[in-house]
Amino acid sequence: MSASDFRQIAIKGEARKAERLFRAAVSAFCSLTRPSRREIAQLEDLALPLFDMVSVESRRYVAAALSECESAPKALVDRLCAEPVDIAAPLLVRSKALTDIDLIAIIGRHGLPHARAIARRPGLNQTIAHLIRALERRSPANLVSAPEPAGKAAIADDEAPANPGDAADNVRRRLRSMMLPARSDDDHDAAEDSRYAKLSAAALTGNPAFFQAALATALDMDAAAARSVTDTSSHAVLLAALRALDLAEERAFLIAAAVFPGHFAHAEAIRLFLERYRALDRDTALDRVRNWRMEAAALSVRRNAPRL
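Residues numbered from 1 in each chain as written. Predicted model: local features only at pLDDT ≥ 70, side-chain atom pairs only at ≥ 80, totals over all residues. Heavy atoms only, no water.

Per an unreviewed UniProt entry, the protein is named DUF2336 domain-containing protein, and its organism is Allomesorhizobium camelthorni.

Considering all chains together, one arrives at eleven salt bridges under this definition. Salt-bridge contacts for Arg 60 lead to Asp 86; the nearest nitrogen and oxygen are separated by 2.9 Å. On the criterion of sequence distance, the pair formed by Arg 60 in helix H3 (residues 56-67) and Asp 86 in helix H5 (residues 85-94) is long-range, its members being 26 residues apart. Arg 278 is paired through a salt bridge with Glu 249; the nearest N and O atoms lie 3.2 Å apart. With a gap of 29 residues between them, Arg 278 in helix H16 (residues 267-279) and Glu 249 in helix H15 (residues 249-259) connect regions that are remote in the sequence. Residue classification places Arg 278 among the partly exposed residues on the basis of a relative accessible area of 27%. The network of salt bridges with shared partners includes Lys 74, Asp 78 and Asp 102. (Salt bridge = Lys/Arg side-chain N within 4 Å of Asp/Glu carboxyl O. Helix = DSSP H or I, 4+ residues; strand = E, 2+ residues; numbered from the N terminus. Buried < 20%, exposed > 50% of the residue type's maximum accessible area, 1.4 Å probe, protein only.)

The tally for this structure, following the rule as stated, stands at three aromatic pairs. Relative to Phe 273, the ring of Phe 253 has its centre 5.9 Å away and its plane inclined at 65°; by these criteria the two rings are edge-to-face. Highlighted residues: Phe 253 in helix H15 and Phe 273 in helix H16, separated in sequence by 20 residues. Comparing Phe 253 with Phe 273, the two get one shared label, buried. Chaining the aromatic ring pairs together yields one cluster made of Phe 253, Phe 273 and Tyr 277. In this structure, Arg 23 is placed above the aromatic ring of Tyr 61, and the distance from its NZ or CZ to the ring centre is 4.8 Å. (Phe/Tyr/Trp six-rings, centres within 6.5 Å; stacked < 30°, edge-to-face > 60°. Lys NZ or Arg CZ within 6 Å of the ring centre and 35° of its normal.)

Scanning the model with the defined rule gives zero disulfides in all. With no disulfide of its own, Cys 30 has Cys 69 as its nearest cysteine by sulfur position, at a separation of 4.5 Å. (Disulfide = S-S within 2.5 Å.)

Let us now look at the side chain of Glu 83. Along the chain, Glu 83 falls in the loop between helix H4 (74-81) and H5. Among the polar contacts made by the side chain of Glu 83, one reaches the side chain of Arg 59 at a distance of 2.9 Å. Sequence-distant contacts of Glu 83, defined by excluding residues within four places in its chain, comprise Phe 51, Arg 59, Ala 88 and His 114. (Polar contact = N/O pair within 3.5 Å; in protein donor to acceptor, adjacent residues only side chain to side chain. Contact = heavy atoms within 4.5 Å.)

Glancing now at the confidence of the model for the protein. For the protein, mean pLDDT is 76; residues scoring 70 or higher make up 74% of the total. When pLDDT is averaged over each element of the protein, H5 comes out on top at 95 and helix H10 (residues 175-179) at the bottom at 36. Scored below 50 in pLDDT, residues 141-185 makes 79 contacts in the model with residues more than four places away or belonging to other chains. (pLDDT = per-residue confidence, 0-100.)

This part takes up the environment of Val 77. Along the chain, the position of Val 77 falls in helix H4. Taking C-alpha positions, Val 77 is 9.7 Å from Glu 44, a pair spaced 33 residues apart along the chain. Each residue touching Val 77, except ones within four places of it in the same chain, is listed here: Ala 72, Leu 91, Ser 95, Ala 97 and Leu 98.

What follows deals with the side chain of Arg 243. Tracing the backbone through its elements, the reader meets Arg 243 in helix H14 (residues 236-244). On the accessibility criterion, Arg 243 (17% relative accessible area) is buried. With near-sequence residues (within four places) excluded, Arg 243 lies in contact with Tyr 277, Leu 280, Arg 282 and Ala 285.

This is how it looks when you write it as structure tokens:
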């Protein structure tokens, strides 16, 4: 027997140990009535390093177990939700660890298969339900979805609103590009991915200062100018800023919904946002950003000018 054979045996042995430990730790956690923060952190510290070592079956088992758990560790839930839908489905359908913003972000990252699972959540926010229905109707005919778990049906056409065209016209026209890996040889795509990653991460923290700082960096403007974009009662100014950055419309909507969550409570508001975003010429948006920069510079000069 060669040294290579011994290494393979050792690796298989370690994998079996990882499988047992991964399952046992989650099972023990789920048996706790009210796990403490320390216990939640302990499970994350134990399970996450094992994640890449365990089988699909173990990941599926853990996703199902945690979907019924009231206090599932968020980092572990997020990792499982990034898996193919046949693993993630129980969490997408039932987990209370996922907020509405989490669900929108998951749809943006993983597309139609995950959206179909999310559509089965009891009491789903109607804004998200409208988005999913629009995604179903507008998905390209040649886009092949990942398989649904057995016994789970996709959204049927007869579940759509009575007037589907007005519900959310062309909500996900460019979603397919988000479902594919970023192309490193395409400078435009890479730049957009980078801008979107930083802005969406900042927006999803719920901290306005974090988002304003990220927006100031993205648009090369000072903090005061970036603050004026979000410190308004309307999202129209933010819409122009995102258009200047040339973000895809579904990405722009996710950021706007995170920054102004109360502005998109119904399908008509979503439709209007997307309609205005598509209608706004990017050169016009860039002109507005340049005007903001000049206004901010002029204000700074006035403030710092010596008084005679």
